[in-house]
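Each chain is listed here by its residues.
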Amino acid sequence: MKKTILTGIRPTGNLHLGHYFGACQNWLKLQEDYDFYLEIADVQALTDNFDHPEKVRKNVKEITIDILSAGIDPNKVHLFLQSKIPEIAELTVFYSNLVTIARLYRNPTVKTEIAQKKALFGNEGESVTYGFVGYPVSQAADITAFRGEWIPVGEDQLPLIEQCREIVRKFNHIYGKTLLEPEPLLSETPRIKGLDGSEKMGKSLGNAIYLSDDEKTIHDKIMNAITDPNKIKKDDPANPDICMVYYYHKLIKNENIHTVCEECKNGTRGCVQCKKELIEKMNEFLEPIREKRSYYLEHSEEVKEILEKGSKEAREKAKEVVKEVKEKMQIDYENFD
Ligand code: TRP
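Another point: the environment of glycine 131. Here glycine 131 shows up in helix α8 (residues 130-133). A relative accessible area of 35% means that glycine 131 is categorised as partly exposed. In this structure, the C-alpha to C-alpha distance between glycine 131 and aspartate 51, residues 80 residues apart in sequence, is 13 Å.

Right, dumping it as structure tokens:
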């Protein structure tokens, strides 16, 4: 039996190279060998964006197209939309009895996110909703609804997997063995750095290269990327290890990487030349993705059908799980005795 892999992504923006190298590349390998459920977590995205539903709605289509263009094969993966699976909402309600509010507040991921909200909006009490503090419960429902065994995630998500494991143990203890305890599958690639040299590429940081960027955008972004600040003149020797241009040459596997490195170190390569070469290579790298993107943009009916098919498959599985959960919780009422 193939192991079941489940992961989710919030539709809050387009995919960038951080997502691609940090997550998608791993998914591309996993889709070959596992029963893979990939969730577009639109309901979870609303916990943070309930007052901007149009933003989530727009990004469902965008992110689905990005995922398909990056090479996810809808015939191998159950690519589905969270809101199409009401069983997830049902499980969330059942699990909510198994988690204390104090425990949710102690969850490190929730804690960090509350601190960020506090910094943005001031008074924590007013900005933190029930839905937000409870999203780890809903995420536990995402995972268990499909009997997810391995959960590919970044490190920031580990406390959510741990919280899910606790819910599973508690459920099984009270109602009898029903659910599986999932395990995280950490991506081999660490965080991808931003164009500005910061440790993380992120939408809010404005330092990202998107899979959907066109040639002009790539040109402008790379021309502004951070290089060794000690290199003033074109033929000054420099340190490639602190240069973002070199970093991206490596990331997209420029086959001339040794030449780039040596010439940079010995001062025979100017930054402008080096950036131009990167722009060319980056466009080569993005071109096949762009081609698929424009295909799907023109065939959005097909995109809709892909999500519908994936959601239908996912729902079959979730229905089975909920049936068993309700039996164990004695709320199945097949008969009254
Ligand atoms: N919380 C995850 C994130 O923000 C997305 C997500 C939703 C997820 N449901 C999931 C991840 C289930 C793993 C499993 O990145």
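In this structure, glutamine 330 takes a positive phi of about 60 degrees despite not being glycine. Among the secondary structure elements, glutamine 330 is positioned in the segment after α15 (300-328). Overall, glutamine 330 belongs to the exposed group, its relative accessible area being 63%. Although it is not a glycine, tyrosine 333 adopts a positive phi angle of roughly 50 degrees. Here tyrosine 333 lies in the segment after α15. For tyrosine 333, a relative accessible area of 54% gives the class exposed.

A few words now on helix α4 (residues 86-95). Restricting attention to buried positions, one finds in α4 the residues Glu87, Ile88, Leu91, Thr92, Phe94 and Tyr95. On an axial view of α4, the arc spanned by its buried residues comes to 165 degrees, and they lie on one face. For α4, the secondary structure elements touched by its buried residues are β2 (35-40), β3 (77-81), α9 (135-144), α10 (158-175) and α15.

The next point concerns the pattern of salt bridges. By the definition in use, this model includes 26 salt bridges. Here arginine 315 and glutamate 87 are joined by a salt bridge, their closest N and O atoms 3.0 Å apart. Highlighted residues: arginine 315 in helix α15 and glutamate 87 in helix α4, separated in sequence by 228 residues. The partner of glutamate 327 in a salt bridge is lysine 323, and the shortest N-O contact between them spans 3.2 Å.

The next subject is the domain arrangement of the chain. What the domain assignment lists for the chain is domain 1 (4-193 + 301-328) and domain 2 (215-293). A separation of 35 Å is found between the C-alpha centroids of domain 1 and domain 2. Contacts between domain 1 and domain 2 engage 13 residues on the former and ten residues on the latter. Summed over both sides, the interface of domain 1 with domain 2 buries roughly 1,000 Å², with 64% coming from carbon and sulfur.

Near the ligand you find 13 residues, and of these Arg10, Gln44, Gln139, Asp142 and Gln157 are the closest. At a separation of 3.4 Å, an oxygen atom of the ligand approaches a polar side-chain atom of arginine 10. Between the ligand and glutamine 44 there is a distance of 2.8 Å, counted from a nitrogen atom to a side-chain nitrogen or oxygen. The protein chains hide 87% of the 370 Å² of surface that the ligand would expose on its own. For the shell around the ligand, the secondary-structure elements that each account for two or more residues are β1 (4-9), α9 and β4 (150-153). A per-class count over the shell around the ligand returns five nonpolar, five polar and three charged.

Conventions used here
- Residues numbered from 1 in each chain as written.
- Predicted model: local features only at pLDDT ≥ 70, side-chain atom pairs only at ≥ 80, totals over all residues.
- Heavy atoms only, no water.
- Helix = DSSP H or I, 4+ residues; strand = E, 2+ residues; numbered from the N terminus.
- Buried < 20%, exposed > 50% of the residue type's maximum accessible area, 1.4 Å probe, protein only.
- Arc of directions from axis to C-beta.
- Contact = heavy atoms within 4.5 Å.
- Salt bridge = Lys/Arg side-chain N within 4 Å of Asp/Glu carboxyl O.
- Domains from an automatic or database assignment.
- Buried area = accessible area lost by both parts, 1.4 Å probe.
- Near = heavy atom within 4 Å.
- Polar contact = N/O pair within 3.5 Å; in protein donor to acceptor, adjacent residues only side chain to side chain.
- Areas by Shrake-Rupley, 256 points an atom, 1.4 Å probe, with all protein chains shown as cover.
- Nonpolar A, V, L, I, M, F, W, Y, C, P; charged D, E, K, R; others polar.

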